[in-house]
Amino acid sequence: MEKVRVRFAPSPTGALHLGGARTALYDYLFAKNQGGDFVLRIEDTDTARFVEGAEEYIMEALEWCGIIPDESPKHGGPYAPYRQSERRHIYDKYTQEILKTDYAYIAFDTAEELDKIRKEYEERGEVFAYNYQTRARLRNSISLPADEVERLLNENTPYVVRFKMPFDRVLNLEDIIRGKFSVNTNTLDDKVLVKNDGMPTYHFANIIDDHEMKISHIIRGEEWLPSMGLHILLYEAMGWEAPQFAHLSLILKPEGKGKLSKRDGAKFGFPVFPLDFYDKASGETFKGYREEGYFPEAFVNFLALLGWSPAEDREILSLDEMAKEFDLHKVHKAGARFSKEKAEWFNHQYLQKKSVAELVSLLKQIEGVAEANLSDEKLERIVCLMKERATFVKDIYNDGKFFFERPQSYDEKAVKKAWKEDTPAIMSGLVAVLENTDFKAEILKEAIHHYAEEKSLGMGRVMMPLRLCLVGELKGPDVPDILEILGKEESIKRLREVKL
């Protein structure tokens, strides 16, 4: 059996979308499951849509996800170069080869001529296609006399190379995910294989590279399913064995209708890219999962289950665990609905699995934490108190901001509820108690209870305003824990200096 080799072949025309990241992940998982190779190839022949920095973005995003290629422009490999723009000499050779067959021909039609014909068809309520019905009436090497073709070539007349789609053939195709289906070649047009600048289009370069790089399986988005017939015929034209195909379903909008887009992310407030991406064309920056605070392993786990189900419906799996049981036959045919809530749930699960030391280290990277100059011991206590309800590390800071700085304001509703006419006197009496109390949570708890009983006060009359002074609102962990972490000096200062 030949070695399994798969490739992820993005175009550097922008950021790596969620769908592209999932395709790369499935490629990687399948390769590792089969003991094969995962290749990253950059398909940069579309110079008109090229975006500077996009290739670097794609490679950085894959590395952040832990999806490391075995071969790539960065890592090299036996089938280099891995950028299509550097493989022109290979394409030129195969362009000459396919022109010797009956599967390709030269076409001299200009864009203006073809636009004029399209408009004429539209006026008649018809759709123009360059195919078996029209090619004999157009300017190409099929319709023109040989001497005319030679004259045009000698005059360096621009031309493209088109695929000559066979007439009325039924192609019986098979997709690993979607099963068997048929396509009649009369429904397909004569696609351009080589542009007038000599560079191949996606269709031709793609099959040449896959053959040269010994790709055994092609895993790609369902938008390429209509091209499968052409690609199979291109392999046939070149006398090559075609790889196996698997076309992935779409990642759908949260409401379930239509493909998830970057506009959906901007509209509903969730990322659709692994990393932040600045779009020069629009001047907009689109959110990335990394910058939003997601753990890469949580992101990858969430992404893997958007269209694939592991055994026993397990949800939390490492990259290695996913690779061990990944099966293309278990990838869903139907589209997978994106859920922001599910993505956050995964991150919450992974946060709970992190050690306190890891979380402290990550917490220290947040602006505002270093300025507070708290000891590691205190940071560990804060993490232990706050992590259970946190989805992101930044939540530990944001929800526990009162540990790092004094409240800048006090919640109005909380003030109305907790602050009565006699509250200043109650807090003043409590300060006297706290000044003579050892600042350990259990001892503080007992001292506050004793104070409330001694003054014949309900615990709410003491605890609510105390929390308000310390936190600025009526939320947070147990008050004695807050007092212990803040320490005697800071706690008493907040009680004395509160202005309500």
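Residues numbered from 1 in each chain as written. Predicted model: local features only at pLDDT ≥ 70, side-chain atom pairs only at ≥ 80, totals over all residues. Heavy atoms only, no water.

### Concerning the UniProt feature "domain: Aminoacyl-tRNA synthetase class I anticodon-binding" (unreviewed entry) in the chain
Basically, it comes down to this: UniProt positions are given in the numbering used here, feature names are shortened, and annotations may be inferred rather than shown by experiment. Runs of H or I in DSSP of at least four residues are treated as helices and runs of E of at least two as strands, each being numbered from the N terminus.
Residues annotated in UniProt with the feature "domain: Aminoacyl-tRNA synthetase class I anticodon-binding" (unreviewed entry) correspond here to residues 361-498. Between the C-alpha atoms that bound residues 361-498 the distance is 32 Å, and the span itself is 65% helix and 0% strand.

### Some words on the packing of aromatic side chains
Geometrically, a pair of aromatic rings is defined through the distance of the ring centres and the angle of the planes. Quick note on the threshold: Note on aromatic contacts: the rings of Phe and Tyr and the six-membered ring of Trp form a pair at centre separations within 6.5 Å, being stacked when their planes are under 30 degrees apart, edge-to-face when over 60 apart, and tilted otherwise. Each residue is assigned to one of three classes by its accessible area relative to the maximum for its type, calculated with a 1.4 Å probe on protein chains only: buried under 20%, partly exposed between the two thresholds, exposed over 50%.
The final tally for this structure, using the stated rule, is 25 aromatic pairs. Summarising the aromatic geometry, the rings of Y289 and Y294 are spaced 4.8 Å apart at their centres and angled 65° between planes, so their arrangement reads as edge-to-face. Of the two residues examined, Y289 and Y294, each falls in the buried class. On the basis of an interplanar angle of 80° and a centroid distance of 5.6 Å, the ring pair of F302 and F338 is categorised as edge-to-face.

### Considerations on the pattern of salt bridges
Put simply, the rule is: The rule for a salt bridge is simple: a side-chain nitrogen of Lys or Arg has to be within 4 Å of a carboxyl oxygen of Asp or Glu.
Inspection of every chain in the model, using the stated rule, returns 45 salt bridges. Residues D189 and K191 are paired through a salt bridge, measuring 3.5 Å at the closest nitrogen-oxygen approach. On the basis of relative accessible area, D189 is assigned to the partly exposed category, the value being 26%. Where R496 meets E435, a salt bridge forms, and the shortest distance between an N and an O atom there is 2.5 Å. Of this pair, R496 sits in helix α21 (residues 488-497) while E435 sits in helix α17 (residues 423-435), placing them 61 residues apart in sequence. Assessed through its relative accessible area of 54%, R496 is described here as exposed. We classify E435 as partly exposed; its relative accessible area is 34%.

### Considerations on the packing of helix α12 (residues 356-363) against helix α14 (residues 376-386)
The condition that has to hold: Between the N-to-C directions of two axes lies an angle of 0 to 180 degrees, each axis being a line fitted to C-alpha atoms and, for a helix, fitted only over the stretch in contact. Should an angle fall under 35 degrees it is called roughly parallel, over 145 degrees roughly antiparallel, and 65 to 115 degrees roughly perpendicular, with every other angle called oblique. Residue contacts are defined here by distance: any two heavy atoms, one from each residue, within 4.5 Å place the two residues in contact. All amino acids are sorted into three groups, where Ala, Val, Leu, Ile, Met, Phe, Trp, Tyr, Cys and Pro are nonpolar, Asp, Glu, Lys and Arg are charged, and the leftover types, Gly among them, are polar.
Interhelical geometry of α12 versus α14 gives an angle of 105° and a closest axis separation of 9 Å. Comparing their axes, α14 and α12 come out roughly perpendicular. Two secondary-structure elements touch here, α12 through V356, L359, V360 and L363 and α14 through L379, E380, V383 and C384. Residues that form the contact of α12 with α14 fall into these classes: seven nonpolar, no polar and one charged.

### Side note on the sheet that holds strand β4 (residues 160-163)
Definition in use: Paired strands, in this sense, are two strands between which DSSP finds at least two bridges.
Taken in spatial order, the three strands line up as β3-β4-β7 in an open sheet, and their pairing is antiparallel. Looking at which strands have only one partner, the edges of the open sheet turn out to be β3 (104-107) and β7 (192-194). Between one strand axis and the next, the sheet turns by 45° as a mean value, whatever way the strands run. Sheet analysis places β3 next to β4, joined by four bridges and oriented antiparallel.

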